[in-house]
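# Structural description and commentary
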Amino acid sequence: MAITTNITASKRVLIIDDEADICLLLSGLLRRLGYQPTCAHFIEEGRQCLHTQQFDAIFLDLNLPDGLGFDLLPSIREEQQVAKVVMISAFDGQSERRRATEQGADYFIGKPFTRRSVEMALQTVQV
């Protein structure tokens, strides 16, 4: 088990979500799982984080105050080729899931999410 923790300890995860509670909950969970989380609350703030460091995974909310998470996907794919993108949204319909996949997201989690769904996402995208 210590080997897994050491491996994930170097894994950086960016959370882009405007809800402070979601950021707090998700970053706490990720920290307990051994990841290094960073939070951003706006697309622009997320974009700045993407310019300054590399991430292994990005949890990206669909609806943000300054636009749609979909708008940031091309930048993520361009600048962070190895990063896995997990879209998170309260809008959990087939059209949202399909669009997320078509535009480059690796996984989709509906809100509210559980610890198990986050672990499943990380396991599925292999981060």
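Coordinates for the structure precede this section.
Because the structure is a prediction, the values reported are computed rather than measured. (Residues numbered from 1 in each chain as written. Predicted model: local features only at pLDDT ≥ 70, side-chain atom pairs only at ≥ 80, totals over all residues. Heavy atoms only, no water.)

### What about the nonpolar core?
Side chains that are nonpolar tend, in soluble globular proteins, to be buried together. As a reminder, the rule being used: As used in this record, nonpolar core signifies buried Ala, Val, Leu, Ile, Met, Phe, Trp, Tyr and Cys residues forming a set joined through side-chain atoms within 4.5 Å. For every residue, the accessible area obtained with a 1.4 Å probe (protein chains only) is divided by the maximum for its type, and the residue is called buried under 20%, exposed over 50%, and partly exposed between those limits. Starting at the N terminus, helices and strands are each numbered in turn, a helix being any DSSP run of H or I of at least four residues and a strand any DSSP run of E of at least two. Contacts are assigned to residue pairs that have any heavy atoms within 4.5 Å of one another.
With 21 residues, the main nonpolar core has Leu14, Ile16, Ile58, Leu60 and Met87 as its most contacted residues. When contributions to this core are tallied by element, the ones reaching two or more residues are strand S1 (12-16), helix H3 (43-52), strand S3 (57-61), helix H4 (69-79) and strand S6 (84-89). Sorting elements by how many residues they give to this core places H4 first, with four residues. For Met87, the residues in contact, after removing those within four places along its chain, are Leu60, Asp61, Leu62, Gly69, Phe70, Leu73, Ala100, Ala105, Tyr107, Phe108 and Ile109. If you look at the next biggest cluster of nonpolar residues, it comprises 19 residues, including Ile15, Leu29, Leu30 and Phe59.

### Brief notes about unusual backbone geometry
A negative phi holds for most residues other than glycine; trans holds for most peptide bonds. Here the residue pair Lys111 and Pro112 is connected by a cis peptide bond, since its omega of -5° sits within 30 degrees of zero. Its place among the elements puts Pro112 in the loop between strand S7 (107-110) and helix H6 (115-124). Even without a glycine there, the phi angle at Gln126 is positive, about 60°. With respect to the element layout, Gln126 can be found in the segment after H6.

### A closer look at the pairing of S1
Our working definition: Strands are labelled as partners when DSSP assigns at least two bridges between them. Seen with the strands pointing away from the viewer, any crossover whose path from the first strand over the helix to the second strand runs clockwise is right-handed.
Extensive coverage of S1 is indicated by the burial of four of its five residues. Sheet topology places S1 next to strand S2 (residues 36-40); five bridges connect them, and they run parallel. Paired with Arg12 across the strands is Gln36, a residue of S2. This β-α-β element, S1 to helix H2 (residues 20-32) to S2, shows right-handed connectivity.

### Let's talk about the pattern of salt bridges
Rule in force here: Note on definitions: salt bridges are taken to be side-chain nitrogens of Lys or Arg within 4 Å of carboxyl oxygens of Asp or Glu.
With the rule as written, the count across this model stands at eight salt bridges. As a salt-bridge pair, Glu44 and Arg47 come within 3.0 Å of each other at their nearest N and O atoms. Of this pair, Glu44 and Arg47 both sit in helix H3, three residues apart, which is roughly one turn of the helix. Among the residues examined, Arg47 registers a relative accessible area of 21% and is labelled partly exposed.

### Some points on the environment of Asn63
Of note, Asn63 is situated in strand S4 (residues 63-64). We classify Asn63 as partly exposed; its relative accessible area is 30%. In this structure Asn63 touches Asp18, Leu68 and Phe91, once residues within four positions along its chain are discounted.

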